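Secondary and tertiary structure notes
Residue strings, one per chain:
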Amino acid sequence: MNQLIQAQKKLLPDLLDVMQKRYEILQYIRLTEPIGRRSLAASLGISERILRAEVQFLKEQNLLEIKTTGMTLTTEGSDLLKILEETMKDVLGLTVLENTLRKKLNLEQVIIVSGDSDHSPLVKKEMGRAAVACMKKRFQGENIVAVTGGTTLEAVADMMTPDSKNRKFLFVPARGGLGENVRNQANTICAHMAEKASGTYKLLFVPGELSKEAYSSIIEEPSIKELLEIIQSSSMVIHGIGDATTMAKRRNTPEEGLKKIEEKEAVAEAFGYYFNSNGEVVHKVHSVGIQLDDLDSIPNIIAVAGGSSKAEAIEAYFKKPRNTVLVTDEGAAKQLLREDSSLNIK
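Residues numbered from 1 in each chain as written. Predicted model: local features only at pLDDT ≥ 70, side-chain atom pairs only at ≥ 80, totals over all residues. Heavy atoms only, no water.

With an unreviewed UniProt entry as reference, the chain is termed Sugar-binding transcriptional regulator, source organism Bacillus changyiensis.

Quick look at the structure:
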């Protein structure tokens with residue numbers, strides 16, 4: 001396939017440019033439908049006159065339909081996007097990025113979407129959609145899915161859809177999170193994801209950060225103990241990777257904890273653990289839920305994190321071997337590979 005694309009670039013470069021432009025239009029509509037033509041033109045940075053011609057062509061091909069509420073994709077349009085995804089990755093150079101980053105981080109699989117989520121919230125949505133597709137490929141007949149909090153995982157929940165194979169799902173929060181922004185809490189995202197997937201859920205009503213004494217007491221509560229056993233027996237974990245300082249402040253970490261994180265030069269956070277640039281744990285909060293050692297017995301782990309600003313955190317977290325699939329974006333990938341001159345990363 002790559003050889004064919006290289007030949008097309010030489011013989012029919014305009015054809016690939018047109019295909020890429022129309023693919024981006026369909027992709028944007030998929031993430032924002034229903035959307036009006038004026039809003040779409042502004043978002044894509046093209047004139048309404050040019051977009052009008054493209055929309056008319058796509059409508060004639062039965063790839064989208066125009067309603068009073070805005071444009072939406074047809075079933076044929078959605079199917080075409082799925083068919084084109086791997087081809088467009090080759091065209092955009094994302095396949096090379098995926099393979100190179102997978103080797104650099106020593107991972108089973110890396111999935112990269114185009115764009116930088118630091119600059120466009122729609123890129124985060126596209127990461128969410130890619131993460132959901134990855135999850136569905138790994139679901140079994142019965143599934144216990146543990147979910148962390150954060151804005152990126154919120155995007156994953158937003159893009160979740162019912163399962164066409166009627167498999168069973170129980171969604172659980174991977175850790176406590178009371179005290180954080182309600183919208184970003186693991187409980188909220190867990191319930192939202194279960195609703196979108198037509199599954200069930202259980203919630204964990206404990207703070208995200210506890211004193212040593214409170215932690216020891218809470219985990220002995222029968223109801224908490226029972227839920228912890230379910231969480232630790234998850235068949236899948238989907239989690240984010242955060243910048244250490246940002247996450248500590250978001251969780252209202254006491255001044256003493258913030259000082260320790262700064263002094264120990266922590267750059268990444270996941271599951272309440274803080275990592276330095278060598279991937280070493282330099283600080284850990286007492287948090288009810290999945291612990292780092294629990295990941296060794298969970299068969300499917302998917303990390304979702306993007307944006308060029310997250311590159312250092314992503315690299316730090318994966319300094320140690322992780323049996324994980326990474327879903328990220330072009331911004332983070334290029335920042336991670338910037339020192340590899342052979343790729344001509346810009």
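**Details of the packing of helix α2 (residues 13-32) against helix α3 (residues 37-44)**
Close contact between α2 and α3 brings their axes to 11 Å; oriented N to C, the two are set at 120 degrees. Compared by their axis directions, α2 and α3 come out oblique. In the packing of α2 onto α3, the handedness of the crossing is right-handed. Of the residues in α3, those touching α2 at E24, I25, Y28 and I29 are L40, S43 and L44. When grouped by side-chain class, the residues that make up the contact of α2 with α3 number five nonpolar, one polar and one charged. (Axes fitted to C-alpha atoms, helices over the stretch in contact; angles between N-to-C directions. Helix = DSSP H or I, 4+ residues; strand = E, 2+ residues; numbered from the N terminus. Parallel < 35°, antiparallel > 145°, perpendicular 65-115°, else oblique. Left-handed = near helix turned anticlockwise from the far one by under 90°. Contact = heavy atoms within 4.5 Å. Nonpolar A, V, L, I, M, F, W, Y, C, P; charged D, E, K, R; others polar.)

**Things to note about the layout of surface pockets**
Leftover empty space is mapped by rolling, across the atoms, a probe with the size of a water molecule. Size it by volume and the largest pocket reaches roughly 980 Å³. Surrounding the largest pocket, 35 residues form its lining, R30, K82, E85, R129 and A133 being those nearest its centre. Listing elements by their share of the lining of the largest pocket, those giving two or more residues are α2, α5 (75-92), α6 (94-105), β3 (109-113), α7 (121-138) and α8 (151-159). Per element, the largest residue contribution to the lining of the largest pocket is nine residues, and it comes from α7. Considering the residues around the second largest pocket, the lining is formed by 30 residues, among which I241, G242, M247, R250 and K310 are closest to the centre. Going through the elements one at a time, α8, β8 (242-243), α12 (244-250) and β9 (266-270) are the ones with two or more residues in the lining of the second largest pocket. (1 Å grid on protein atoms, 1.4 Å probe; cavity = no way out; pocket = protein on both sides within 12 Å on 5 of 7 lines; lining within 4 Å. Points joined across faces, edges and corners; volume = space filled by probe spheres on them.)

**So, the packing of aromatic side chains**
In total, this model carries four aromatic pairs according to the counting rule given. Every member of this aromatic cluster is reached through a ring pair, and the members are F139, F169 and F171. Stacked on the ring of Y273, the Lys or Arg K284 has its end atom at 5.2 Å from the ring centre. Taking NZ or CZ as reference, R322 lies 4.3 Å from the ring centre of Y317, over its face. (Phe/Tyr/Trp six-rings, centres within 6.5 Å; stacked < 30°, edge-to-face > 60°. Lys NZ or Arg CZ within 6 Å of the ring centre and 35° of its normal.)

**Section: the pattern of salt bridges**
Under the criterion given, the structure shown has 16 salt bridges. Here K21 ties to E54 by a salt bridge, and the two come within 3.2 Å at their closest N and O atoms. With a gap of 33 residues between them, K21 in helix α2 and E54 in helix α4 (residues 48-60) connect regions that are remote in the sequence. The exposure class assigned to K21 is partly exposed, which follows from its relative accessible area of 30%. (Salt bridge = Lys/Arg side-chain N within 4 Å of Asp/Glu carboxyl O. Buried < 20%, exposed > 50% of the residue type's maximum accessible area, 1.4 Å probe, protein only.)

**Some remarks on empty space enclosed by the protein**
Per the counting criterion, the structure on display carries one cavity of 30 Å³ or more. Considered as a void within the structure, the largest cavity measures approximately 30 Å³ in volume. Of the residues belonging to the lining of the largest cavity, the class tally is three nonpolar, three polar and two charged.

**A few points about the sheet that holds strand β10 (residues 273-276)**
Here we have four strands laid out as an open sheet, ordered β8-β9-β10-β11, and antiparallel in their pairing. The two strands at the open ends of the sheet, each matched to only one other strand, are β8 and β11 (281-284). Relative to β10, β9 is paired through four bridges, and the arrangement is antiparallel. Its bridge partner being in β10, A270 is matched across the sheet by Y273. (Pairing = 2+ DSSP bridges.)

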